[in-house]
Amino acid sequence: MHAKPYNMTQKPSIPKGTRDFGPSEMACRNYIFDTVKKVFRRYGYSPIETPAMENLSTLLGKYGEEGDKLLFKILNSGDAFKDIQQMDPAQLSEAGSNALALKVCEKGLRYDLTVPFARYVVQHRNELTFPFKRYQIQPVWRADRPQKGRYREFYQCDVDVVGSGSLLYELEMVQIADEVFRDMGIRVLIKINNRKILSGLAEISGQSDKLTDITVAIDKIDKIGLDAVKNELAERGVTPESIARIEPVLTLSGSTHEKIAAMRDILAGSETGCRGLDELEELFNLIGKAGITTDIEFDLSLARGLNYYTGAIFEVKALDFTIGSICGGGRYDNLTGIFGLPDTSGVGISFGADRIYDVLTGLDKFPQDAVSGTEYLFANMGTEVLPYILSAAKACRAAGHSAEIYPENAKLRKQFEYADRKGIKYVVLAGEDEAANNELTIKDIKTGEQTKVKISEIF
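Residues numbered from 1 in each chain as written. Predicted model: local features only at pLDDT ≥ 70, side-chain atom pairs only at ≥ 80, totals over all residues. Heavy atoms only, no water.

Brief notes about helix H12 (residues 226-235)
Residues Val229, Glu232 and Leu233 constitute the buried set of H12. Looking down the long axis of H12, one finds its buried residues gathered within 105 degrees of arc, a one-sided arrangement. Exposed positions of H12 whose direction lies more than 90 degrees from the buried face are Asp227 and Glu235. Where H12 is buried, its residues contact helix H3 (64-69), helix H10 (211-218), helix H11 (221-224) and helix H13 (240-250). Positive phi shows up at Gly237, right after H12, with a value of about 90 degrees. (Buried < 20%, exposed > 50% of the residue type's maximum accessible area, 1.4 Å probe, protein only. Helix = DSSP H or I, 4+ residues; strand = E, 2+ residues; numbered from the N terminus. Arc of directions from axis to C-beta. Contact = heavy atoms within 4.5 Å.)

What follows is the structure, given as structure tokens:
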């Protein structure tokens, strides 16, 4: 049998859930990256990078049952299915999907940046100074169903600190989110909860063993609504009596102070739940003292279904644009313990660059000066004045401006059209008269205004 010949006329395409970004889009994305980097550095965080792929054993079991299903697994080179072919049918039927995956795939694309960060901390612990503060801006991959605001490949901008349980670092995450979105001109709501409160809720409901099922279900309340969450809880084996105890908590209203007071009565029999309320109350006190202006609320329905969160959890929503959360994170007390470094607490948040891009685009919030490309196009006026044009362009760049020279001595109309299509602000004309007088003629593409100036006056 011969392989099917490649169709040379096949239309090129990219996988669903991925995107190309041209020069203008990249200028916008770099604005996002530069903005978050500036704030991260302001708070003393340093950059690291980790590989796109991790050992699959590093990734599995860290994101919950649903998260594991979304891992992109990399098939082993060579005859990847050799070991499975040697297994008898009984072994195949008994092995779980993760066990089978590990037989044919030793590596996977990272699902987020937090688990690779925990692995990095453990692997390099003798080289680091604790508390260790890092930021990381890299792509992650999830085998999700593509839809608006949800991609299979997307960038995360993570900031984490590990090695301290101080609530000052939870405050720092809120401050960073406040400053990043204020700098971008995006109005947001920061939602905060605490996983200990959710643990206490499961405990007083008599369903401590169902904590993961409860958090995974209620984390979907914004997407599917309360009734669907109740149905999913029932499907996951949560008893009707327990669901009845959980439901009023998810619909609790009032100020943060009123919600905390109400939850103290509900969770009176749970030491873990009360400790979560204490942490939450202290965090809101710190937020009040820090002078943060962004809207912040205590949201008891916020669960964030990742297994590794143990304390405060955060989620940020854009107020003026309909899309999923654009930032989220939380406290994890023992993520590094999985890799052999127990009792090392950390906290962090992740900014979703792709969703932030969509919000800024939808609200037309990208600043023109931050995302524009070339500022000056030097028109090509012929070989006689080319040395003068080269010298002037050099002076322009030395003064901190972006400049390019049109490659051919074409008609000026064609050169102006090129500048207009590229969104270049100014066309610089320099003929023999300008060269003789050390001058340049600057034309504003938008207004059509034309000015003759000395090189020393402009650059």
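Overview of the nonpolar core
Judged by nonpolar contacts, the single largest core of 103 residues is most densely connected at Tyr45, Ile176, Phe181, Ile192 and Phe351. Tallying contributions element by element places helix H8 (residues 167-184) first for this core, with ten residues. Aside from chain neighbours lying at most four places away, what touches Phe351 is Phe40, Tyr155, Gln156, Cys157, Val159, Ile176, Ala177, Val180, Phe181, Ile326, Cys327 and Ile356. Phe378, Cys396, Ala403 and Phe459 belong to the second-largest nonpolar core, a separate cluster that totals 16 residues. (Core = buried A, V, L, I, M, F, W, Y, C linked by side-chain atoms within 4.5 Å.)

Quick notes on the packing of aromatic side chains
By the definition in use, this model includes 16 aromatic pairs. Seen in terms of ring centroids, Tyr308 and Tyr332 are 6.0 Å apart; in terms of plane orientation they differ by 80 degrees. Their pairing is edge-to-face. Of this pair, Tyr308 sits in the loop between strand E8 (295-298) and strand E9 (312-318) while Tyr332 sits in strand E10 (residues 327-332), and the two are 24 residues apart along the sequence. Taken together, the ring pairs connect Tyr63, Tyr111, Tyr308, Tyr309 and Tyr332 into an aromatic cluster. Of note, Arg19 hangs over the ring of Tyr151, and the distance from its end group to the ring centre comes to 3.9 Å. Cation over ring: Arg134 sits above Phe117, and NZ or CZ is 4.1 Å from the ring centre. (Phe/Tyr/Trp six-rings, centres within 6.5 Å; stacked < 30°, edge-to-face > 60°. Lys NZ or Arg CZ within 6 Å of the ring centre and 35° of its normal.)

Considerations on the sheet that holds strand E2 (residues 53-55)
If you walk across this open sheet you meet the three strands as E2-E4-E3, and the pairing is antiparallel. Single-partner strands in this sheet number two, and they are E2 and strand E3 (73-74). (Pairing = 2+ DSSP bridges.)

Section: the pattern of salt bridges
Pairing is possible between side chains of opposite charge, provided their charged atoms come close. One pass over the structure, following the stated rule, counts 24 salt bridges. Measuring nitrogen to oxygen at the nearest pair gives 2.6 Å for the salt bridge that ties Glu179 to Arg42. Residue Glu179 is located in helix H8, and its partner Arg42 is located in helix H1 (residues 23-42); the two are separated by 137 residues in the primary sequence. Residue class for Glu179 comes out buried when judged on its relative accessible area of 15%. Among the ionic contacts, a cluster of salt bridges with common partners joins Arg19, Arg29, Asp354 and Asp358. (Salt bridge = Lys/Arg side-chain N within 4 Å of Asp/Glu carboxyl O.)

Considerations on the sheet that holds E9
Pairing is mixed in the open sheet, where eight strands are placed in the order E1-E5-E6-E11-E10-E9-E7-E8. With partners counted over all chains shown, the strands left at the sheet margins are strand E1 (46-47) and E8, one partner each. Here four bridges tie E9 to E10, and the two strands are oriented antiparallel to one another. By the bridge assignment for E10, Glu315 is matched with Gly328.

What about the pairing of strand E11 (residues 346-352)?
For a regular strand, the rule is simple: side chains alternate between the two faces of the sheet. Most of E11 is tucked away, with seven of its seven residues classed as buried. Side chains Gly346, Gly348, Ser350 and Gly352 project from E11 onto one buried face, and the interleaved Val347, Ile349 and Phe351 project onto a second face that is buried too. Pairing of strand E6 (residues 153-162) with E11, which is carried by seven bridges, proceeds in the antiparallel orientation. Paired with Asp160 across the two strands is Gly348, which belongs to E11. With six bridges joining them, E10 and E11 adopt antiparallel strand pairing. Across the sheet, the residue bridging to Gly328 is Ser350, located in E11.

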